[in-house]
Amino acid sequence: MDFVAGSIAGATGQLVGHPLDSIKTRLQSESLLARGTNSPTTATSAYKCARNIYNEGGSRAFFRGLSLPLCSKSFEQCIAFGIQSAVDQLLEGMDVDEGTLRTGLSGMAAGSTTSLLLTPIYLVKVQLQVTPKGSLSGPISVIKRTINKLGFSGLYTGAVPIFIGTSIGYGCRFMAYDKATNIAEQSFGFGRIGSVIVGGGMAGMATWASHYPLDLVSSRMEASVALGGRQLTMTEHVKEIFAQSGVRGFFRGIGPCLLRAFPVNATIFLTYDLCKSNLM
């Protein structure tokens, strides 16, 4: 039941959040786009970035690369909710008390599992988002180009920061959800739907705030495959970001990311909750 409800919730959330995700990814990869490529002039703010994307293809440009993430987000949330529930039950059977520790461990298990399965999907999504229309025809084109350039291992570019970041992020996600829904219900008198919306939104923001620098590094590693130049290691990207922008550079694009996180995850958790209730 958790797998089915999670699948429906993931697809719904992706539709809501993809435009802002495109802006976030462009901002994260801005300095790479400036390395003498044929990409359009880079932006210095979320608004200018959005305007550049719109100039490339109108409102449809914000949904470039949606098809694969739509399927993958459905699969991701199917796995995330299913694994989290299964591990939580396993820990309960091991007499681990219900609470922050159990929720965090089950969330981390869900995050690590999804990262191992979906790193190639993230790579395709990022490359389609950072390249101008016409340079890559679609997901198959990205996969072929990556394999020709780096071999099959290239499909797992950025796997290390994704694994670490997603494990941390999903641990924080489910802990924040439990805390926020309890506070909304007990301290503010919210009903079930209201508390799920608040809890889901706060969970999404906690997820991204907890591992945003790692997500930025992985996005740059993935984008560099499409944008050309020497492929830098994770450590080299960290050094380059710090040299260019200092600590602030690791949080570039976090504004639209957090703006997107609340409605997307409120939608995901609400859809999951409603689906699970109606399917039982």
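In what follows, the structure referred to is the one given above.
These numbers come from a predicted model, not from an experiment.

Thresholds applied
Residues numbered from 1 in each chain as written. Predicted model: local features only at pLDDT ≥ 70, side-chain atom pairs only at ≥ 80, totals over all residues. Heavy atoms only, no water. Helix = DSSP H or I, 4+ residues; strand = E, 2+ residues; numbered from the N terminus. Rg over C-alpha atoms; globule rule 2.2 N^0.38 Å. Buried < 20%, exposed > 50% of the residue type's maximum accessible area, 1.4 Å probe, protein only. Contact = heavy atoms within 4.5 Å. Areas by Shrake-Rupley, 256 points an atom, 1.4 Å probe, with all protein chains shown as cover. Lys, Arg positive; Asp, Glu negative; His and termini not counted. Charge placed at Lys NZ, Arg CZ, Asp CG, Glu CD. Phe/Tyr/Trp six-rings, centres within 6.5 Å; stacked < 30°, edge-to-face > 60°. Salt bridge = Lys/Arg side-chain N within 4 Å of Asp/Glu carboxyl O. Patch = residues over 30% accessible without salt bridge, like charges linked within 9 Å, V, L, I, M, F, W, Y side chains within 5 Å. Core = buried A, V, L, I, M, F, W, Y, C linked by side-chain atoms within 4.5 Å. Disulfide = S-S within 2.5 Å.

## A look at the overall build of the protein
Helix and strand counts for the protein stand at 10 helices and zero strands. Taken from the N to the C terminus, the helices and strands of the protein come in the order α-α-α-α-α-α-α-α-α-α. In terms of C-alpha radius of gyration, the protein reaches 19 Å, essentially the compact-globule figure of 19 Å for 280 residues. Considering only C-alpha atoms, the protein reaches an extent of 55 × 35 × 35 Å along its principal axes. Out of the 280 residues belonging to the protein, those deemed buried represent 51%. For the protein, long-range pairs separated by at least 24 residues make up 78% of all intrachain contacts whose partners lie at least 6 apart in sequence. When the accessible surface of the protein is totalled, it reaches about 12700 Å², and 64% of it is carbon and sulfur. A gap of 15 Å separates the mean positions of the 24 positive and 17 negative side-chain charges of the protein.

## Describing the packing of aromatic side chains
Per the counting criterion, the structure on display carries seven aromatic pairs. Measuring from ring centre to ring centre gives 6.4 Å for Y170 and F174, while their planes differ by 40°; the resulting arrangement is tilted. Of this pair, Y170 and F174 both sit in helix α7 (residues 159-186), separated by four residues, roughly a single helical turn. Note on accessibility: Y170 and F174 belong to one class, buried. Here the aromatic rings of F188 and F190 are separated by 6.4 Å at their centres, their planes lie at 80°, and the arrangement is edge-to-face. A relative accessible area of 60% places F188 in the exposed class. Residue class for F190 comes out partly exposed when judged on its relative accessible area of 36%. By way of ring pairs, the aromatic residues F81, Y170, F174, Y177, F269 and Y272 are connected into one cluster.

## Description of the pattern of salt bridges
Tallied over the entire structure, the rule returns 11 salt bridges. Between E56 and R26 there is a salt bridge, with its nearest N and O atoms 2.8 Å apart. Of this pair, E56 sits in helix α3 (residues 46-57) while R26 sits in helix α1 (residues 2-28); the two residues are 30 residues apart in sequence, bridging distant segments of the chain. The class for R26 is buried, based on a relative accessible area of 8%. A salt bridge links R102 to D88; the shortest N-O distance between them is 2.9 Å. In this pair, R102 sits in helix α5 (residues 100-130) while D88 sits in helix α4 (residues 67-93), placing the two residues 14 residues apart along the sequence. Of the residues examined, R102 reaches a relative accessible area of 7% and is grouped as buried. Residue D88 is classed as buried on the basis of its relative accessible area of 17%.

## Here's the deal with a nonpolar patch on the surface
Side chains of L116, V160, F163, I164 and I168 sit close together on the surface and give an oily, nonpolar patch of about 410 Å² of accessible area. If you tally residues by element for the nonpolar patch, the top one is α7, at four residues. Examined against the element boundaries, I164 turns out to sit in helix α7. Note on I164: relative accessible area 36%, which makes it partly exposed.

## As for the nonpolar core
Ranked by internal contacts, the top residues of the largest apolar core, which has 17 residues, are F81 and F269. Listed by contribution, the elements that provide at least two residues to this core are α1, α4, α7, α8 (192-227) and α10 (254-279). No other element matches the six residues that α10 contributes to this core. Once residues lying within four places of it in the same chain are set aside, the contact partners of F81 are D2, G6, R173, F174, I268, F269 and Y272. With nine residues, the next largest nonpolar core counts W208, V217, I241 and C257 among its residues.

## Some thoughts on the state of the cysteines
What the rule picks out here adds up to zero disulfides. Looking at C71, it has no disulfide partner, and the nearest cysteine sulfur is the one in C78, 13 Å off. Classification of C71 by relative accessible area gives exposed; the value is 54%.

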